[in-house]
Amino acid sequence: MEQTKYTRIQSDLSSVQLNQVITAAQILCAGGTVAFPTETVYGLGADVTNPAAVDKIYKIKQRPADHPLIVHIGNISHMHYWAQAIPESAWKLANHFWPGPLTLILPRNHRIPDNVTGGQATVGLRFPAHPVASALLSALGPEKALAAPSANRFGRISPTSAAHVYQELGNTIDMILDGGACEVGLESTIVSFHDKTPQILRPGSITLSAIEAVLNNPVILAHNINQSIRTSGSLPAHYAPTTPLRLYSNIQIWPHALALAKENLRVLVITWSNTHKPKFSDQFIEQFSMPADPVAYGKQLYAKLRQFDQAEFDYMLIESPPDHPNWLAIADRLQRASYHSPNNN
Ligand code: TXA
Ligand code: MG
């Protein structure tokens, strides 16, 4: 049955794309690095079974060696091949949400080299839904998988298009597979089975309530992640643009914008509600309205932050997202982007 699925996925690609996928698989088998599209963000992939190739990823991203990489697989049944002691609840989530934007943290087995997991006893597995990623994993075969973090330099905004990957990593990688703009736009939801009760280590488009509904059991949202588990996305400062970024409620945002504009600073105010720039407002203030729907907002967020970061504003002021579970992943990324933002005090 799974085989039929692959055949269908592959035939969705043009012959040009299929040729590119085959070239990419050859580069990966020879120990090279390839950026590829997923439905969340673009990943920077290397053959998980080749420690020297995996080391290249850390070097290219300038990522500390103790921050583990997610391993991308092309079939649910491959979970067995890389992980062990897989709890029933993990199978349930995999069966329900894969292929899709969900990463499962499971006990790893001997096939995963140490440098993939930063020496930890667990491995993050994900079966991505993008047809190009599926075709690439299929071309690599069942005994290989792709160790792949997001294809950006450490601490920066994740790329959601092939052009973003090029901006981030340029010619430091061997190939970029172009699969268009990413459908989801935010990194996958990460669920850890390290402890008895499953924990969400990173919120994403698959929400806590959707996971609880499938498991029919409560799931913990990890606010204070155990420091011994080094989830780089769990560092307070992450996903950051270089323009200083602040979060304010729709009541506070305009007074702050006006105060900055008085000092001749160029301010971009990014809103989602129907709040409007005050009439007496200043030429130094511009407004951009994001969608009021979290799915549409999440899809655009990184591309917009990247675009505005290049527009030479002195400040980006962002309207705080609604305090609603469906906005959790967006609130999480915005908080991290504003945390150590330049001039934040
Ligand atoms: O949507 C995604 O997950 C994208 C696409 C490319 O699949 N990947 C991604 O990878 O966001 P990365 O490396 O940028 O973020 C993965 C996060 C990191 O914060 C990493 O520390 C954490 O997952 N992680 C990976 N393995 C882990 C493990 N064994 N235990 C705890 N955290 C882990
Ligand atoms: Mg990342």
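What counts and how
- Residues numbered from 1 in each chain as written.
- Chains lettered and ligands numbered in written order.
- Predicted model: local features only at pLDDT ≥ 70, side-chain atom pairs only at ≥ 80, totals over all residues.
- Heavy atoms only, no water.
- 1 Å grid on protein atoms, 1.4 Å probe; cavity = no way out; pocket = protein on both sides within 12 Å on 5 of 7 lines; lining within 4 Å.
- Points joined across faces, edges and corners; volume = space filled by probe spheres on them.
- Helix = DSSP H or I, 4+ residues; strand = E, 2+ residues; numbered from the N terminus.
- Nonpolar A, V, L, I, M, F, W, Y, C, P; charged D, E, K, R; others polar.
- Pairing = 2+ DSSP bridges.
- Axes fitted to C-alpha atoms, helices over the stretch in contact; angles between N-to-C directions.
- Salt bridge = Lys/Arg side-chain N within 4 Å of Asp/Glu carboxyl O.
- Near = heavy atom within 4 Å.
- Polar contact = N/O pair within 3.5 Å; in protein donor to acceptor, adjacent residues only side chain to side chain.
- pLDDT = per-residue confidence, 0-100.
- Contact = heavy atoms within 4.5 Å.
- Buried < 20%, exposed > 50% of the residue type's maximum accessible area, 1.4 Å probe, protein only.

Chemist: How should I be thinking about the layout of surface pockets in this particular structure?
Modeler: Approximately 250 Å³ is the volume attributed to the second largest pocket. Looking at the second largest pocket, it is lined by 13 residues, and the ones nearest its centre are Gly204, Ser205, Pro294, Val295 and Asn326. If you list the elements that add at least two residues to the lining of the second largest pocket, you get α10 (294-309) and α11 (328-339). A total of 4 residues in the lining of the second largest pocket trace back to one element, the largest contributor, which is α10. Across the lining of the second largest pocket, the residue classes tally to 6 nonpolar, 5 polar and 2 charged.

Chemist: Which parts of the structure should I look at to understand the sheet that holds strand β1 (residues 34-36)?
Modeler: Picture the strands of a sheet paired through backbone hydrogen bonds; they go either parallel or antiparallel. Ordered by their spatial adjacency, 10 strands build an open sheet running β7-β1-β2-β6-β3-β5-β4-β8-β9-β10, and the pairing between neighbours is mixed. Lying at the two open borders of the sheet, with one neighbouring strand each, are β7 (175-176) and β10 (220-221). Sheet analysis places strand β4 (residues 102-107) next to strand β5 (residues 122-126), joined by 4 bridges and oriented antiparallel. Residue Leu104 lies in a different strand from β5, and its bridge partner there is Leu125.

Chemist: How do you make sense of the sheet that holds strand β13 (residues 285-289) when you look at a structure like this?
Modeler: Ordered by their spatial adjacency, 4 strands build an open sheet running β11-β14-β12-β13, and the pairing between neighbours is parallel. The open sheet has two free edges, formed respectively by β11 (245-248) and β13, since each of these has just one partner strand. Between one strand axis and the next, the sheet turns by 25 degrees as a mean value, whatever way the strands run. Bridging between β11 and strand β14 (residues 315-319) involves 4 bridges; their strand directions are parallel. Pairing of Arg246 across the sheet is with Leu317, part of β14.

Chemist: Which parts of the structure should I look at to understand the pattern of salt bridges?
Modeler: Think of it this way: side chains of opposite charge can pair up when their charged atoms draw near. Counted according to the given criterion, the structure contains 9 salt bridges. Bridged by salt links that share partners, the residues Glu187, Asp332, Arg333 and Arg336 form one connected network.

Chemist: Is there a simple way to explain the site of ligand 1 in this structure?
Modeler: The environment of ligand 1 is formed by 26 residues, the closest being Thr40, His72, Ser150, Ser188 and Arg202. One of the side-chain nitrogen or oxygen atoms of Ser150 is found 2.8 Å away from an oxygen atom of ligand 1. The separation between an oxygen atom of ligand 1 and a polar side-chain atom of Ser188 is 2.6 Å. At the level of secondary structure, the elements contributing two or more residues to the shell around ligand 1 comprise β3 (70-72), β5 and β9 (199-202). Here the element with the most residues in the shell around ligand 1 is β5; it accounts for 4 residues. Residues belonging to the shell around ligand 1 are distributed by class as follows: 10 nonpolar, 11 polar and 5 charged.

Chemist: Explain the confidence of the model for the chain to me, please; I cannot follow it from the model alone.
Modeler: Low-confidence regions, as indicated by low pLDDT, have predicted coordinates that should not be scrutinised in detail. In the predicted model, the chain carries a mean pLDDT of 91, and the fraction of residues at 70 or more is 90%. In the predicted structure, residues 224-230 sits below a pLDDT of 50 and forms 12 contacts with residues beyond four places in sequence or in another chain.

Chemist: Is there a simple way to explain helix α3 (residues 51-61) in this structure?
Modeler: Working note: α-helix, 3.6 residues per turn, so residues spaced by three or four point in the same direction. For α3, the complete set of buried residues consists of Ala53, Val54, Ile57, Tyr58, Ile60 and Lys61. Next to the buried residues of α3 lie β2 (43-47), β6 (146-147) and α7 (162-169). Between the side-chain oxygen at the start of α3 and the backbone nitrogen of Ala52 there is a gap of 3.1 Å, and the oxygen is on Asn50. Looking one or two places after α3, you find Gln62, whose phi comes out positive at around 55 degrees.

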